[in-house]
Amino acid sequence: MTDGAVPSEGVLIVGAGPTGLTLAIELARRGAGVRIVDAAPAPHRESRGKGLQPRTLEVLEDVGVTERALATGTTRLPFRKYFDGAQVNDTDPFADARPTPDAPYERGVLIGQWQVEELLRERLAEFGVRVEGGTEVTGFEQDEDGVTAVLADGERIRAGHLVGCDGGRSRVRKAMGVRFDGTTDETQSMVVGDVEAEGISRDVWHQWFASDGSGVMLCPMPGTNSFQFQAGPELDAGGDPLPPSLEGFQRIFDRYAQVPGVTLTDPTWLSLWRVNVRMVDRMRVGRVFLAGDAAHIHPIAGGLGMNTGIQDAYNLGWKLALVTAGQASPGLLDTYEEERLPVAAWTLGITSDLYARVREAVKEPGTGVEAAAPPPMGTGYRWSSLAAPATIGDPAVLRPGDRAPDAPCLDASGNPVRLFQVYADPRFTLLGFGAEVADAVGKLAVGHEDLLQAFTVDGNSDGGGDLHDHKGHARRAYGIEASAPALVLVRPDNHIALLTRDPADVTNYLAQITTFAPKE
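Predicted model only: the values in this text are computed from it and were never measured.

> So what's going on with the overall build of the chain? Which residues, and what values?
Across its full length, the chain holds twelve helices and 25 strands. Relative to the 2.2 N^0.38 estimate, which gives 24 Å for 520 residues, the radius of gyration of the chain is 24 Å and therefore close to what a compact globule would have. Along the longest, intermediate and shortest principal axes, the C-alpha atoms of the chain span 75 × 60 × 40 Å. Within the span of the chain, comprising 520 residues, buried residues form 56% of the whole. Accessible surface, the chain: about 21100 Å² in total, of which carbon and sulfur atoms supply 49%. Side-chain charges of the chain comprise 48 positive and 71 negative groups, with the mean position of each set lying 1 Å from the other.

Here it is as structure tokens:
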């Protein structure tokens with residue numbers, strides 16, 4: 001141990017936004033030692049990133065907060081468009097979306113970022129872990145055995161690993177010495193904030209635009225009296241953006257909304273946002289990792305920022321937990337960067353395209369931010385070292401590395417249960433379809449109980465077993481023929497690890513986790 005360091009086991013997380021909090025929960029619920037610190041003395045109450053995508057709702061269901069998020073936010077908010085001050089139409093871009101057996105969340109939820117963080121802190125506290133506010137990490141040192149973080153007050157904290165979830169200005173990233181490649185466009189910026197506005201309906205998201213693409217938006221934030229305000233900034237005589245202010249917000253609103261008698265009040269957040277498109281060249285240096293905005297920042301179009309960070313944490317959490325528990329080789333941690341760095345690059349590309357699309361679309365009457373509706377995110381890692389070659393199934397339906405679908409089943413007592421509920425266990429999950437593999441499933445469960453939970457699906461001659469695929473949704477979702485035996489191994493982060501009929505493949509896969517070496 002480095003001299004003067006306060007002993008600490010497990011993982012030190014720097015930054016208590018959605019990314020850091022999700023990671024802390026993932027570690028804590030797996031029994032890993034975790035400490036999470038944040039430079040801010042108290043939680044903020046700013047709307048910031050205000051939406052959770054359907055895939056993120058799946059992730060947060062596993063984490064244990066989706067039900068609370070749905071109760072706090074809203075999934076249905078029509079967009080009301082105005083052009084040159086006149087109302088044009090109301091639209092719901094997700095009106096035709098419906099849940100399916102394999103995807104229970106057909107649309108995202110509108111919810112303030114501070115509310116998401118509050119729910120995550122509450123969940124984290126259920127594991128006995130609390131955020132240490134007013135604790136600023138200014139640097140770190142690492143060696144073969146661990147990391148020593150240095151705090152602003154001179155305290156030194158020792159941990160096995162450190163994860164920087166400390167935002168776009170990340171001190172952890174700067175201390176790591178990794179590149180943060182990309183651009184900052186000073187000519188494209190936005191003022192954003194939280195204000196109240198009497199006399200404006202809270203039943204729709206108001207979007208006022210003009211023919212040159214400029215305008216203002218007011219989005220009512222559920223569970224509050226505030227609206228999130230978004231607009232292009234006022235410019236000074238030299239063409240530079242003026243600092244955000246309530247007075248400036250009012251002038252912008254009056255110019256575009258042309259609604260007399262409405263006064264903006266009670267600002268709780270005023271900010272200037274610039275278009276940054278940047279990402280690191282590495283997400284890991286030794287025992288130190290980056291996640292969320294500390295690793296990648298991009299345009300706000302599509303609302304992917306908070307979502308991408310949460311999914312970073314979901315990917316890293318189970319891997320760190322297994323390694324710190326001695327159940328997996330440290331090489332497993334290399335798959336975090338292998339899987340998430342391409343996702344970061346995809347996110348930068350798609351959000352830049354969506355932002356440009358929106359800027360053009362709003363110049364036409366009746367269009368708005370729905371032009372930035374992104375394709376599904378978080379669909380899988382087919383390129384990963386953790387995606388074993390499939391020996392069964394239909395690759396057009398599902399392949400190893402893909403997101404594991406949901407499906408309604410019945411448990412052994414005949415009660416309804418969804419596969420996502422089954423997957424909530426923090427271990428790998430093995431599904432054995434058909435009586436032919438039932439004995440092997442039982443033996444695998446006994447032989448790997450610390451790493452694996454296992455279920456037979458229609459494993460008895462009468463169609464019973466641990467689970468009953470009574471409507472065939474599970475077999476269809478996983479591309480398994482009605483009468484065919486199959487073994488489906490699902491990772492702790494609910495992605496497909498293996499599709500096979502041979503129990504030895506499952507044994508070999510789990511054995512490789514303990515001695516893992518990623519692809520070159």
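> Outline the sheet that holds strand 7 (residues 137-142), supporting the account with residue identities and numerical values.
Ordered by their spatial adjacency, three strands build an open sheet running 7-8-9, and the pairing between neighbours is antiparallel. Both edges of this open sheet fall to strand 7 and strand 9 (156-159), since each of them pairs with a single strand only. Taken pair by pair, the neighbouring strands of this sheet meet at an average axis angle of 25 degrees, ignoring direction. Pairing of strand 7 with strand 8 (residues 147-151) involves five bridges; the strand directions are antiparallel. If you follow Phe 140 over to strand 8, its bridge partner there is Ala 149.

> How would you summarise the packing of aromatic side chains if you had to cite specific residues and measurements?
Tallying each qualifying case throughout the model produces eight aromatic pairs. Ring centres of Tyr 82 and Trp 208 lie 4.6 Å apart, and the angle between their planes is 15 degrees; on these two criteria the pair is classed as stacked. Residue Tyr 82 is located in strand 4 (residues 79-83), and its partner Trp 208 is located in strand 12 (residues 205-209); the two are separated by 126 residues in the primary sequence. Classification of Tyr 82 as buried rests on a relative accessible area of 10%.

> Talk me through the nonpolar core; I want residue IDs and the actual numbers.
Counting 96 residues, the largest nonpolar core has Leu 52, Phe 428, Leu 489 and Tyr 509 as the members making the most contacts within it. With ten residues, helix 7 (residues 305-324) is the single largest residue contributor to this core. The residues contacting Leu 489, other than those within four sequence positions of it, are Phe 428, Thr 429, Leu 430, Leu 452, His 495, Ile 496, Ala 497, Leu 498, Val 506, Tyr 509 and Leu 510. Of all hydrophobic cores here, the second largest spans 25 residues; its members include Ile 392, Phe 455, Ile 480 and Ala 484.

> Give me the pattern of salt bridges: which residues, what numbers.
Side chains carrying opposite charge are able to pair once their charged atoms draw close together. Scanning the entire structure with this criterion turns up 30 salt bridges. For Glu 26, the salt bridge is made with Arg 29, and the minimal N-O distance between the two is 2.6 Å. For Glu 26, a relative accessible area of 0% puts it in the buried group. Between Glu 234 and Arg 251 there is a salt bridge whose closest N-O contact spans 2.9 Å. Of the two residues, Glu 234 is situated in the loop between strand 14 (227-231) and helix 6 (246-257) and Arg 251 in helix 6; the sequence distance between them amounts to 17 residues. Linked by salt bridges that have partners in common, Glu 26, Arg 29, Arg 30 and Asp 62 make up one network.

> Now, about the sheet that holds strand 1 (residues 11-14): what can you tell me, with residues and values included?
Ordered in space as 2-1-10-17-16, the five strands form an open sheet in which the pairing is mixed. Whereas interior strands pair on both sides, the edge strands pair on one side only; in this sheet they are strand 2 (34-37) and strand 16 (284-285). When strand 10 (residues 161-164) meets strand 17 (residues 288-290), the two strands line up parallel, connected through three bridges. Its bridge partner being in strand 17, Val 163 is matched across the sheet by Phe 289. Along the sheet face, helix 1 (residues 18-28) touches strand 1, strand 2 and strand 10 and points at about 165 degrees away from the line of strand 2.

> A description of the environment of Leu 510 should follow, citing residues and the corresponding values.
Inspection of the secondary structure assignment puts Leu 510 in helix 12 (residues 503-513). Note on Leu 510: relative accessible area 2%, which makes it buried. In the structure, Leu 510 is positioned 265 residues away from Ser 245 in sequence and 57 Å away in space, judged by C-alpha atoms. When neighbours within four sequence positions are excluded, Leu 510 is seen to be in contact with Phe 428, His 448, Leu 451, Leu 452 and Leu 489.

> How would you sum up the side chain of Lys 50? Please name residues and give values.
Here Lys 50 is to be found in the loop between strand 2 and strand 3 (51-52). Comment: no salt bridge for buried Lys 50; closest opposite-charge side chain is Asp 194, at 8.5 Å. A polar atom in the side chain of Lys 50 sits 3.4 Å from the side chain of Gln 230. Lys 50 has contacts with Val 109, Leu 110, Ile 111, Trp 205, Cys 219, Met 221, Gln 228 and Gln 230, leaving out every residue within four places of it along the chain.

> Describe unusual backbone geometry, naming the residues involved and giving the relevant values.
Positive phi, normally seen in glycine, also occurs at Gln 258, with a value near 55 degrees. Relative to the helices and strands, Gln 258 is located in the loop between helix 6 and strand 15 (264-280).

> Can you explain helix 2 (residues 54-63)? Please cite residues and give values.
Within an α-helix, residues lying three or four positions from one another point in the same direction, as the helix has 3.6 residues per turn. The buried count for helix 2 comes to nine of ten residues, which makes it a mostly enclosed element. Taken together, the buried positions of helix 2 are occupied by Arg 55, Thr 56, Leu 57, Glu 58, Val 59, Leu 60, Glu 61, Asp 62 and Val 63.

> Describe the side chain of His 296, with residues and values.
Relative to the helices and strands, His 296 resides in strand 18 (residues 296-297). Of the residues examined, His 296 reaches a relative accessible area of 1% and is grouped as buried. Among the polar contacts listed, one links the side chain of His 296 to the side chain of Asp 312, at a separation of 2.7 Å. Those residues within four positions of His 296 in sequence are excluded, and the remaining contacts are Phe 180, Arg 278, Met 279, Thr 308, Asp 312, Ala 344 and Leu 348.

> Report on helix 10 (residues 438-447), specifying residues and quantitative values.
Three or more residues of helix 10 are buried, namely Ala 438, Ala 440, Val 441 and Leu 444. Projected down its long axis, helix 10 shows its buried positions confined to an angular sector of 160 degrees, all on one face. For helix 10, exposure combined with an orientation more than 90 degrees from the buried face picks out Asp 439, Lys 443, Val 446 and Gly 447.

> Can you break down the environment of Leu 430 residue by residue, with the values?
Along the chain, the position of Leu 430 falls in strand 21 (residues 428-433). On the basis of relative accessible area, Leu 430 is assigned to the buried category, the value being 0%. On a C-alpha basis, the gap between Leu 430 and Trp 269 in space is 47 Å, while along the polypeptide they are 161 residues apart. Among all residues touching Leu 430, those that are not within four sequence positions of it are Val 441, Leu 444, Leu 452, Gln 453, Ala 454, Phe 455, Leu 487, Val 488, Leu 489 and Val 506.

> Help me get a handle on the pairing of strand 25 (residues 496-500), residues and values and all.
Buried residues dominate strand 25, accounting for five of its five residues. Taken together, the four bridges between strand 24 (residues 486-490) and strand 25 define a ladder with antiparallel strand orientation. Looking at the pairing, Val 488 lines up with Leu 499 of strand 25. The hairpin turn running from strand 24 into strand 25, its antiparallel successor, is five residues long, and Asn 494 in that turn takes a positive phi close to 60 degrees.

About the criteria used
- Residues numbered from 1 in each chain as written.
- Predicted model: local features only at pLDDT ≥ 70, side-chain atom pairs only at ≥ 80, totals over all residues.
- Heavy atoms only, no water.
- Helix = DSSP H or I, 4+ residues; strand = E, 2+ residues; numbered from the N terminus.
- Rg over C-alpha atoms; globule rule 2.2 N^0.38 Å.
- Buried < 20%, exposed > 50% of the residue type's maximum accessible area, 1.4 Å probe, protein only.
- Areas by Shrake-Rupley, 256 points an atom, 1.4 Å probe, with all protein chains shown as cover.
- Lys, Arg positive; Asp, Glu negative; His and termini not counted.
- Charge placed at Lys NZ, Arg CZ, Asp CG, Glu CD.
- Pairing = 2+ DSSP bridges.
- Axes fitted to C-alpha atoms, helices over the stretch in contact; angles between N-to-C directions.
- Phe/Tyr/Trp six-rings, centres within 6.5 Å; stacked < 30°, edge-to-face > 60°.
- Core = buried A, V, L, I, M, F, W, Y, C linked by side-chain atoms within 4.5 Å.
- Contact = heavy atoms within 4.5 Å.
- Salt bridge = Lys/Arg side-chain N within 4 Å of Asp/Glu carboxyl O.
- Polar contact = N/O pair within 3.5 Å; in protein donor to acceptor, adjacent residues only side chain to side chain.
- Arc of directions from axis to C-beta.

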